Amino acid sequence: MTVIALASALLATACGGAEGGEGAGGDGRTAPTAGQSRSAGGSGGSGESGDAGRSASPSAPTSAPPSASPPPSPPPSPPSSQPSTGEPGGVVLRDTSRRTGEARDAGVNDFPELRGVRVGIHDTYDRVVFDFDEGTPRFVAEYVDTLHQDGSGDVISLKGDQNLRISFLRAVPDPDFDDGGRSTPVIRELRLVSYFEGETLFGVGVDPRGDGRAGFRVTTGENKIILDVAHEAAR
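Reading guide: rules and limits
- Residues numbered from 1 in each chain as written.
- Predicted model: local features only at pLDDT ≥ 70, side-chain atom pairs only at ≥ 80, totals over all residues.
- Heavy atoms only, no water.
- Phe/Tyr/Trp six-rings, centres within 6.5 Å; stacked < 30°, edge-to-face > 60°.
- Helix = DSSP H or I, 4+ residues; strand = E, 2+ residues; numbered from the N terminus.
- Buried < 20%, exposed > 50% of the residue type's maximum accessible area, 1.4 Å probe, protein only.
- Pairing = 2+ DSSP bridges.
- Core = buried A, V, L, I, M, F, W, Y, C linked by side-chain atoms within 4.5 Å.
- Contact = heavy atoms within 4.5 Å.

**Section: the packing of aromatic side chains**
Logical step 1: Enumeration according to the criterion identifies five aromatic pairs in this entry.
Logical step 2: Taking 5.0 Å as the distance between ring centres and 65° as the angle between the ring planes, the aromatic pair formed by Phe130 and Phe168 counts as edge-to-face. A residue pair is termed long-range when its members are at least 10 positions apart, and Phe130 in strand E3 (residues 125-132) and Phe168 in strand E7 (residues 162-169) qualify at 38 residues.
Logical step 3: Judged by relative accessible area, which is 0%, Phe130 ranks as buried.
Logical step 4: An angle of 80° between the planes, with centres 5.3 Å apart, marks the rings of Phe132 and Phe168 as edge-to-face.

Following this line, the structure appears as structure tokens:
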């Protein structure tokens, strides 16, 4: 009896130890070591905590847009077919043909009065300016072999090799008009030749460099008619 009781007690003790082992170990798996716990924690941290705490990677810097290129320069303008009127040396007068012009700022019944004449020297031509009081008359300018006085027909001789005649139609000279003492090396003489039947006739003696007649032009401005005569004979 005593032996049976002792055997039962030993059996009960052995069964209790086995149940206690299951309770401490849960399902009987060995608890992870401290190193394993840190490794697992580190993995977790690098997984979730690491992503949550990592600052977002900065976006690649956006390069500044290239500055707009300046617009291409326009092509150079083709040379003008019109003669230059600039100075110095930009005017070449070669036309020696007859010139005419209409009245400007003057009525059909008006007789602009010729008040004075001026002469100037430029780089390639010389200029004569005829000043009027109000408006300008019609005009005709041309070279002639012989200059005649209107009305009498007398031959008028001028200094210089060429005679340039300019007529102002329906114009009258100022009673005190003086044409003396105005000349240049090319425009050798200016002379009021005649006033006859409403036409005022002027003679210009021209002596250009070279052989032949000098090119000329006639333009109008406010109350003035402008005659330009080239320094060189036309070729």
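There's more to say after this.
**Observations regarding the sheet that holds E3**
Logical step 1: Taken in spatial order, the five strands line up as E8-E2-E3-E12-E11 in an open sheet, and their pairing is mixed. Edge positions in the open sheet fall to strand E8 (172-173) and strand E11 (214-221), since each of these has one partner strand only.
Logical step 2: Sheet topology note: the E3/strand E12 (residues 224-233) ladder contains seven bridges and is antiparallel. In the strand pairing of E12, Asp126 is matched with Val229.

**Re the nonpolar core**
Logical step 1: Of all hydrophobic cores here, the largest spans 29 residues; its most connected members are Phe130, Phe168, Leu227 and Val229.
Logical step 2: When residues of this core are traced back to their parent elements, those giving at least two are strand E2 (113-121), E3, strand E4 (138-144), E7, strand E9 (187-196), strand E10 (199-206), E11 and E12.
Logical step 3: Those residues in contact with Phe168 that lie beyond four places of it in its chain are Phe130, Phe132, Pro137, Arg138, Phe139, Gly198, Glu199, Thr200, Phe202 and Ile225.
Logical step 4: The next biggest cluster of nonpolar side chains, apart from the first, holds six residues, and it includes Val144, Ile156, Val193 and Leu201.

**Re the environment of Pro175**
Logical step 1: If you trace the backbone, Pro175 turns up in the loop between E8 and E9.
Logical step 2: For Pro175, a relative accessible area of 74% gives the class exposed.
Logical step 3: Taking the C-alpha atoms as reference points, Pro175 and Glu113, separated by 62 residues in sequence, lie 9.4 Å from one another.

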